[in-house]
Amino acid sequence: MKQEDMEREDLEQEDMEREDMEQEDTEREDMEMEEEENEETLAEDIYRVYMEEVAAIPACSETENARLLLEVKKGSEEARKRMIEGNLRTALLYVREYLNRGVAMADLIQEASMELMMLVDEGLEGSFERLLESRIRVRMEEVIKEQKAETEIAEEMLARVNVLQEVSKRMAEELGREASLKELAERMKMTEDDVREIMKATMDALSLGEANRSLQS
């Protein structure tokens, strides 16, 4: 076979692989959109129920916060508990603005609650409600940013895993055997270390899937 024919076949093969990956990406995006819509509705419902429960606790006024804070500084656990519970609803009101932005509602509530408790323990002077709002908003943005970075890394690795699986399958059909690490790296225009890393990620994902199935059975 002439060199140019082999190059043409390689290009056609790459085009087929690219089309398959684009189709898989489209299908995955459709599924993700549907899942996101369901998750948003569920998050709103759970948040509403949670807020109804918290609303039963009388909210602290700024005057009460100032008085309680003095008692907290003296070591009163009762004042600390009242201050946390009395400001919890206010803290969670700020959380609502950050729902459905990539972080689970439970995680947002936990982070907001922790900021509330730390602020009470620090005993800073000034408007407690304003300090609380500032602290929670800053933390919510940080958590969302961290989650976004983690998601992007995971999605990039998942895409690489899918490409590797497809390329491995096609090369096995072409060669009549499993492709070597070097052959895969050459086809994917990557280093052998990069391909090895993707293989490890694939094995880790399979191991996790097996563990989850074992727990469910």
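Residues numbered from 1 in each chain as written. Predicted model: local features only at pLDDT ≥ 70, side-chain atom pairs only at ≥ 80, totals over all residues. Heavy atoms only, no water.

**Digging into the overall build of the protein chain**
Assigned secondary structure in the protein chain consists of seven helices and zero strands. Starting at the N terminus, the α and β elements of the protein chain follow one another as α-α-α-α-α-α-α. Relative to its full complement of 217 residues, the protein chain shows a buried share of 28%. Across the protein chain, every contact between residues at least 6 apart in sequence was considered, and the portion connecting residues at least 24 apart equals 63%. By element, 51% of the accessible surface of the protein chain is carried by carbon and sulfur atoms, the whole surface being about 14,800 Å². (Helix = DSSP H or I, 4+ residues; strand = E, 2+ residues; numbered from the N terminus. Buried < 20%, exposed > 50% of the residue type's maximum accessible area, 1.4 Å probe, protein only. Contact = heavy atoms within 4.5 Å. Areas by Shrake-Rupley, 256 points an atom, 1.4 Å probe, with all protein chains shown as cover.)

**With respect to the nonpolar core**
Leu 92 and Val 95 are the most contacted members of the largest nonpolar core, which has 31 residues in total. Only helix 1 (3-54), helix 2 (62-73), helix 3 (77-95), helix 4 (105-122) and helix 5 (128-175) provide two or more residues apiece to this core. No other element matches helix 3, which puts eight residues into this core. The contact partners of Val 95, leaving out residues within four places of it in the chain, are Leu 108, Ile 109, Ala 112 and Met 140. (Core = buried A, V, L, I, M, F, W, Y, C linked by side-chain atoms within 4.5 Å.)

**Points about the side chain of Glu 115**
As for its position among the elements, Glu 115 is in helix 4. Judged by relative accessible area, Glu 115 falls into the buried class, the value being 10%.

**A look at unusual backbone geometry**
Glycine aside, negative phi is the norm for most residues, and most peptide bonds take the trans geometry. Within the chain, Asn 100 stands out as a residue other than glycine whose phi angle is a positive 60°. Take Asn 100: it is sitting in the loop between helix 3 and helix 4. The class of Asn 100 is partly exposed, set by a relative accessible area of 32%. Not every positive phi belongs to a glycine, and Lys 189 is a case in point at roughly 55°. Mapping Lys 189 onto the fold places it in the loop between helix 6 (181-188) and helix 7 (192-216).

**Some remarks on the packing of helix 2 against helix 3**
Packing of helix 2 against helix 3 leaves a shortest axis separation of 8 Å and a crossing angle of 145°. Along this stretch, helix 2 crosses helix 3, giving a crossing that reads as left-handed. Residues Glu 64, Asn 65, Leu 68, Leu 69, Glu 71 and Val 72 of helix 2 lie in contact with helix 3, whose contacting residues are Ala 79, Arg 80, Arg 82, Met 83 and Asn 87. Its residues assigned to classes, the contact of helix 2 with helix 3 comprises five nonpolar, two polar and four charged. (Axes fitted to C-alpha atoms, helices over the stretch in contact; angles between N-to-C directions. Left-handed = near helix turned anticlockwise from the far one by under 90°. Nonpolar A, V, L, I, M, F, W, Y, C, P; charged D, E, K, R; others polar.)

**Observations regarding the environment of Leu 88**
With respect to the helices, strands and loops of the structure, Leu 88 is situated in helix 3. The exposure class assigned to Leu 88 is buried, which follows from its relative accessible area of 16%. When the C-alpha positions of Leu 88 and Ile 109 are compared, they lie 9.7 Å apart, and in sequence the two are 21 residues distant. What Leu 88 contacts, discounting residues up to four positions off in sequence, is Val 54, Ser 113 and Leu 116.

**Side note on helix 2**
Its 12 residues place the ends of helix 2 17 Å apart at the C-alpha level, agreeing with the 16 Å of an ideal helix rising 1.5 Å per residue. Taken together, the buried residues of helix 2 touch helix 3, helix 4 and helix 5. Where helix 2 ends, the next residue or the one after it, Gly 75, has phi of about 100°, a positive value. (Expected span 1.5 Å × (residues − 1).)

**Observations concerning a nonpolar patch on the surface**
Taken together, the side chains of Met 114, Met 117 and Met 118 present a nonpolar region at the surface, about 230 Å² in accessible area. Here Met 117 shows up in helix 4. (Patch = residues over 30% accessible without salt bridge, like charges linked within 9 Å, V, L, I, M, F, W, Y side chains within 5 Å. Salt bridge = Lys/Arg side-chain N within 4 Å of Asp/Glu carboxyl O.)

Honestly, that's just the spatial picture; any functional story needs more than this.
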